[in-house]
Amino acid sequence: MRYVLVFAIAAVVTSLVIPTIRYFALKFAIVDRRSKRKLHNRIVTRFGGIGIYIGFIFAMANAFIFSSLLGHQDFLDYAFVIMASTLVLILGIFDDARGANAFVKFTVQILAALILTQAGFTIRIISNPFGQPIETGFLAVPLTILWLVGITNAINLIDGMDGLAAGIAFIVCCGMAYMFITSNVVMPAFFAVALAGACLGFLRFNFMPARIFMGDTGSLFLGFSIAALAVLTHRKGHATIGLFLPAVIGLGIPIYDTAVAFTRRLFIKKTNPFRADNDHIHHVLLRLKINQMYVVIILWVITAILNIAAIIIYNCSLKPPYC
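Before going into details, it helps to say that this report is about the structure given with it.

Definitions and cut-offs
- Residues numbered from 1 in each chain as written.
- Predicted model: local features only at pLDDT ≥ 70, side-chain atom pairs only at ≥ 80, totals over all residues.
- Heavy atoms only, no water.
- 1 Å grid on protein atoms, 1.4 Å probe; cavity = no way out; pocket = protein on both sides within 12 Å on 5 of 7 lines; lining within 4 Å.
- Points joined across faces, edges and corners; volume = space filled by probe spheres on them.
- Helix = DSSP H or I, 4+ residues; strand = E, 2+ residues; numbered from the N terminus.
- Nonpolar A, V, L, I, M, F, W, Y, C, P; charged D, E, K, R; others polar.
- Contact = heavy atoms within 4.5 Å.
- Salt bridge = Lys/Arg side-chain N within 4 Å of Asp/Glu carboxyl O.
- Buried < 20%, exposed > 50% of the residue type's maximum accessible area, 1.4 Å probe, protein only.
- Axes fitted to C-alpha atoms, helices over the stretch in contact; angles between N-to-C directions.
- Parallel < 35°, antiparallel > 145°, perpendicular 65-115°, else oblique.
- Left-handed = near helix turned anticlockwise from the far one by under 90°.
- Expected span 1.5 Å × (residues − 1).

## Remarks on the layout of surface pockets
Then step 1. A volume near 250 Å³ is recorded for the second largest pocket.
Then step 2. In terms of lining, the second largest pocket is formed by 13 residues, of which the most central are Leu146, Trp147, Val149, Gly150 and Ile151.
Then step 3. Every element with two or more residues in the lining of the second largest pocket is listed here: α5 (140-158) and α10 (252-268).
Then step 4. Here the lining of the second largest pocket takes eight residues from α5, the largest share from any one element.
Then step 5. Classifying every residue of the lining of the second largest pocket by side-chain character gives 11 nonpolar, two polar and no charged.

## Let's talk about the environment of proline 246
Then step 1. Turning to its location among the elements, proline 246 is positioned in helix α9 (residues 244-250).
Then step 2. For proline 246 and asparagine 307, which are 61 residues apart along the polypeptide, the C-alpha to C-alpha distance reads 7.7 Å.
Then step 3. Every residue in contact with proline 246, bar those within four places of it in the chain, is listed here: Ser127, Met179, Ala310 and Tyr314.

## Focus: the pattern of salt bridges
Then step 1. Here the structure, examined in full by the defined rule, presents six salt bridges.
Then step 2. Residue arginine 264 pairs with aspartate 279 through a salt bridge whose shortest N-O separation is 3.9 Å. With arginine 264 in helix α10 and aspartate 279 in the loop between α10 and α11 (281-287), this residue pair connects regions lying 15 residues apart in the sequence.
Then step 3. What makes arginine 264 buried here is its relative accessible area of 11%.

## Quick word on the packing of helix α6 (residues 164-182) against helix α8 (residues 215-229)
Then step 1. At a minimum axis distance of 11 Å, the contact between α6 and α8 shows a crossing angle of 20 degrees. By the angle between their axes, α6 is roughly parallel relative to α8. α6 and α8 meet at a crossing whose hand is left-handed. In contact with Ala169, Val172, Cys173, Met176 and Phe180 of α6, α8 contributes Leu222, Ile226 and Leu229.

## Digging into helix α7 (residues 186-206)
Then step 1. End to end, α7 covers 30 Å across 21 residues, agreeing with the expected 30 Å (1.5 Å per residue, within 8%).
Then step 2. Most of α7 is tucked away, with 19 of its 21 residues classed as buried.

## So, unusual backbone geometry
Then step 1. Note that the residue after methionine 208, namely proline 209, is joined by a cis bond; omega there is -10 degrees.
Then step 2. Relative to the elements of secondary structure, proline 209 occurs in the loop between α7 and α8.
Then step 3. Here phenylalanine 47, not a glycine, exhibits a phi torsion of approximately 75 degrees, which is positive.
Then step 4. One can find phenylalanine 47 in the loop between β2 (44-45) and α2 (48-69).
Then step 5. Despite not being glycine, asparagine 184 shows a phi value in the positive range, around 60 degrees.
Then step 6. Here asparagine 184 is to be found in the loop between α6 and α7.

Shown next, in the form of structure tokens:
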């Protein structure tokens, strides 16, 4: 019931604050205007990510109280996680309001990643359903930074259609929450549940036709936070569960889309890999004459299937002989 309550708080608070955020975004002209690259044919406000963040913070405040009552005193460690996620959120706000180049974005993202690694959160093991876990050794820190920055931008790139990024983030967070809860890992479970609730509360306003976009504010925050979920148990002195491989599988759609996008831009188009184009996976499906709503639902379903597979692989990693 505690997890359900945290989920509900995140969803309700996000739903309540979004109309106010939308009002101020319109007032100060923080909007996503029509263009040849955009799929929407109307002006839509940005800054929806602020609502996701507020709902998440309210839910985590209650999670900290529950954790303390349960006797888990390590919740203070997660102040570093929230600090790093907040830094990425601020980057997104600046990008939506004023615009930020690739150098600034990557610099801030790497700084946020360093906050986590310096706090001791690194990918120290990779689960292996077919044998012993793989220890990363001296590669732990660079691998963690690459993972955090990579997934942050993967969610940002997949955010190109009403409800797509928020829905994928919701499904992935639910999958991670299940793995944490069944492993009795309390604080990461609260973290995942709070993110899932905030995404669901936002989807009420973001699914077709979207009344507000999360913007880079939301996509960067969600990407970094979801990436952080995979490393939250990888801290010295804590019991480690190998969630890295399941997270890679669960995030298959954004990871695949990002890898293909960078390969296409670098080796086929021979252009700047950070220059936006109209060849993402959702654009390709649209060109097959699939309705926009169905494209989103198809990618949601594939993400759900991948997360079910991730859960199965995670369970196998706990009992390798049975796989």
